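What the coordinates show
Listed below, chain by chain, are the residues.
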Amino acid sequence: MDRVLILGGGVGGTLTANLLARKLRSRIDRGQVDITLVDAMGAHVYQPGFMYIAMGGEREERLARPERSLLDAPVNLVVDTVVRVDDGARTVVLASGAVLPYDYLVLSTGCRILPQMIEHFEEEAEHFYTATAALKLRRALDEFKGGKVVVGIASMPYKCPPAPLEVAFLIESELRERGLREKSEVHFCSPIGRAFTIESVSEMATPIFEQKGIELHTFFNVDAIDPERKAVLSLEGEELPYDLLVLVPPHKGQQFLMDSGLAPAPGGWLPTDRNTLRVGGRPNVFALGDATDLPLSKAGSTAHFEAPVVVEGIVSAIEGREPAGRHAAYEGRVMCFFEVGDGKGTLLRFDYEHPPKPPKPNALWHLGKIVFNKTYFHTVPRGRV
Amino acid sequence: MTAVLEAKPAITRTVDARGSYCPGPLMELIRAIRESVVGDVITVLSSDKGSRIDIPKWIEKAGHRLVSLETLDGYDQIVVEKAR
């Protein structure tokens, strides 16, 4: 029997499991293939919705579904926490003590956010990378009566690269709507030499910062937060006072991947082949989504387009052939919406060879993002788009 | 392109960021700078073409010293001294 073990019930893991179940259905029915997915929570959470808890009236309970409800019937679900992968023995050890053997392993383990890596982050800064944090940011915005707003990125890489820019744009719009703009300053801090990692997106976003009067600070790598003086200090020697500080927290890969020797410290990102999505040259271990070290957006969209390639890699190996067809190799395809405030958005669509050419922001792309958010649970994890 | 600014001091640490794309090499250098002490000399190897522009700009803004920047076989070697 070929045992496929998938770690993580996010976009990548869930979609991979469902597509595998469909492609291998007859082998599963004959008892030749087993597909098992392990998830720590047993729930599938639509993380892009967190930003809308802070900025768009979204509610936490609408952003999660039981993982079982999204998985095709032939996929086994184990709700447990992974402790270690023993790649030599081809087993995964769980917190309950269970040991799951595998022939093919899919690592769709996402990433961790670690605000605690920056002293005073948790008491001084807001963020929107969990539902709880996003709600806290919403309350801080409700109480905000004008002053200095600083939006920044503590370190790279992080999930959903457009998100901090979107939040800066949306906060600026909200302050105008609430009549607080003239009593406020909005600052945006980027760790690199421009507003966004991809040059064409930076060229699109920079004039929007200017038009909205948001001050852009480049090469601003957060070094410390001074709670006494209410200032955020950069490694480059700049200092920005704040009344409301919104920071993307530091991100890392899962600790057990480092402990298992699959991902190097300190980042914990899996060394992943950019085309085959195999990990560290292993023929039977694949990674997708946020967990990889690929130079791409850590976003659900990335996992969405990677999943069919992982599936083709596994199915072809089980069928004893080479990967073939349009999913034989991953070409770096990513597509995501980008809010710019005032009910407008744009679309970033790119791959390894073709940088994005974002269309002029308009109401349609904003609406597209809202519709996508509302229909997500019926489409992406089930493999319908 | 070769732009040796002055004689190279002893290298304290080498960050091999070849194969990593923007902003990976810069982020690797920043991590190395955070972990170093004043006077340490760090060499960054980068195959990303943007590094030869971005990294010297960052070094200038951050107040460190660009010791040298050389283009070798398919990659750039950038040497920086932590100055503060």
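Residues numbered from 1 in each chain as written. Chains lettered and ligands numbered in written order. Predicted model: local features only at pLDDT ≥ 70, side-chain atom pairs only at ≥ 80, totals over all residues.

Let's talk about the packing of helix α1 (residues 24-34) of chain B against helix α2 (residues 51-62) of chain B
Residues and elements named next belong to chain B. Stated formally: Axis definition: a line fitted to C-alpha atoms, limited for helices to the stretch in contact. Angles are taken between N-to-C directions and run from 0 to 180 degrees. A helix here means a DSSP run of H or I that spans at least four residues, while a strand means a run of E at least two residues long, and both kinds are numbered starting from the N terminus. The labels follow the angle: roughly parallel below 35 degrees, roughly antiparallel above 145, roughly perpendicular from 65 to 115, and oblique for the rest. Crossing handedness: left-handed means the near helix sits turned counterclockwise from the far one by under a right angle, and right-handed means the same turn made clockwise. Working definition of a contact: two residues with C-beta atoms, positioned from the backbone, lying within 7 Å.
Interhelical geometry of α1 versus α2 gives an angle of 30 degrees and a closest axis separation of 9 Å. When the interaxial angle is binned, α1 and α2 end up roughly parallel. The interaxial crossing formed by α1 with α2 has right-handed handedness. Side by side, α1 and α2 meet where P25, L26 and L29 of the first sit next to S51, D54, I55 and W58 of the second.

Observations concerning the domain arrangement of chain A
Reports often express the size of an interface as the amount of accessible area lost when the parts come together. Residue and element names in this part refer to chain A. Our working rule: Here the bounds of each domain stem from an automatic or database domain assignment. In the scheme used here, Gly and all other residues not listed as nonpolar or charged are polar, with Ala, Val, Leu, Ile, Met, Phe, Trp, Tyr, Cys and Pro taken as nonpolar and Asp, Glu, Lys and Arg as charged.
Domain annotation for chain A reports domain 1 (2-111 + 253-318) and domain 2 (117-250). Summarising the inter-unit geometry, the C-alpha centres of domain 1 and domain 2 are found 31 Å apart. Taken residue by residue, the interface counts 13 residues in domain 1 and 17 residues in domain 2. Residue composition of the side of domain 1 that touches domain 2, by class: nine nonpolar, one polar and three charged.

Brief notes about α2 of chain B
Owing to its 3.6 residues per turn, the α-helix aligns residues three or four sequence positions apart on the same side. Residue and element names in this part refer to chain B. Quick note on the threshold: Take the residue count of a helix, subtract one, and multiply by 1.5 Å to get its expected span. Working definition of burial: number of other C-beta atoms within 10 Å of the residue's own, with buried at 20 or more, exposed at 12 or fewer, and partly exposed in between, all C-beta atoms being placed from the backbone. As used here, the arc is the angular range of directions from the helix axis to the C-beta atoms.
Look at α2: 16 Å from first C-alpha to last across twelve residues, which is about the 16 Å you get at 1.5 Å a residue. Of all the positions in α2, only S51, D54, I55, W58, I59 and A62 are classed as buried. The buried residues of α2 occupy an angular sector of 130 degrees when projected down its axis, which confines them to one face. Of the residues flanking the end of α2, it is G63, one or two places downstream, whose phi is positive at about 80 degrees.

Observations regarding the nonpolar core
Quick note on the threshold: We define the nonpolar core as any set of buried residues of the types Ala, Val, Leu, Ile, Met, Phe, Trp, Tyr and Cys, connected via C-beta atoms lying within 7 Å of each other.
In this structure, M51, F128, A134, V167 and A168 of chain A together with L29 of chain B are the most contacted members of the largest nonpolar core, which totals 87 residues. Per-element accounting of this core gives the leading share, eight residues, to helix α7 (residues 163-177) of chain A. Shared between two domains, this core holds at least three residues of each, these being domain 1 (2-111 + 253-318) and domain 2 (117-250) of chain A. Ignoring anything within four residues of it in the chain, the contact list for A134 of chain A reads F50, M51, I53, A54 and F128 of chain A. Of all hydrophobic cores here, the second largest spans 50 residues; its members include L262, L288, I314 and V315 of chain A.

As for the interface of chain B and chain A
Taken together, the contacts link 15 residues of chain B with ten residues of chain A. Elements that contribute at least two residues to the side of chain B that touches chain A include exactly α1 and α2 of chain B. Of the residues belonging to the side of chain B that touches chain A, the class tally is eight nonpolar, three polar and four charged.

Let's talk about the pairing of strand β2 (residues 13-16) of chain B
Residue and element names in this part refer to chain B. Here is the rule we go by: A pair of strands is treated as paired once DSSP finds two or more bridges between them. Clockwise travel from the first strand over the helix to the second, with the strands pointing away from the viewer, marks a crossover as right-handed.
Bridge count between β2 and strand β3 (residues 41-46): four bridges; the pairing is parallel. Bridge pairing in β3 places D16 opposite L45. Crossover connection from β2 via α1 to parallel β3: handedness right-handed.

Points about the confidence of the model for chain B
Here is the rule we go by: As a per-residue quantity, pLDDT reports the predictor's confidence and falls between 0 and 100.
When pLDDT is averaged along chain B, the result is 89, and 90% of the positions lie at 70 or above. Taken over the whole predicted complex, pTM reads 0.93, whereas the ipTM for its chain interfaces reads 0.86.

Remarks on the pairing of strand β22 (residues 344-350) of chain A
Residues and elements named next belong to chain A. Inspection of the sheet shows strand β21 (residues 334-341) paired to β22 by seven bridges, in the antiparallel sense. When the bridges of β22 are listed, V334 appears paired with F350. Between the end of β21 and the start of β22, which pair antiparallel, lie two residues, with D342 showing a positive phi angle near 55 degrees.

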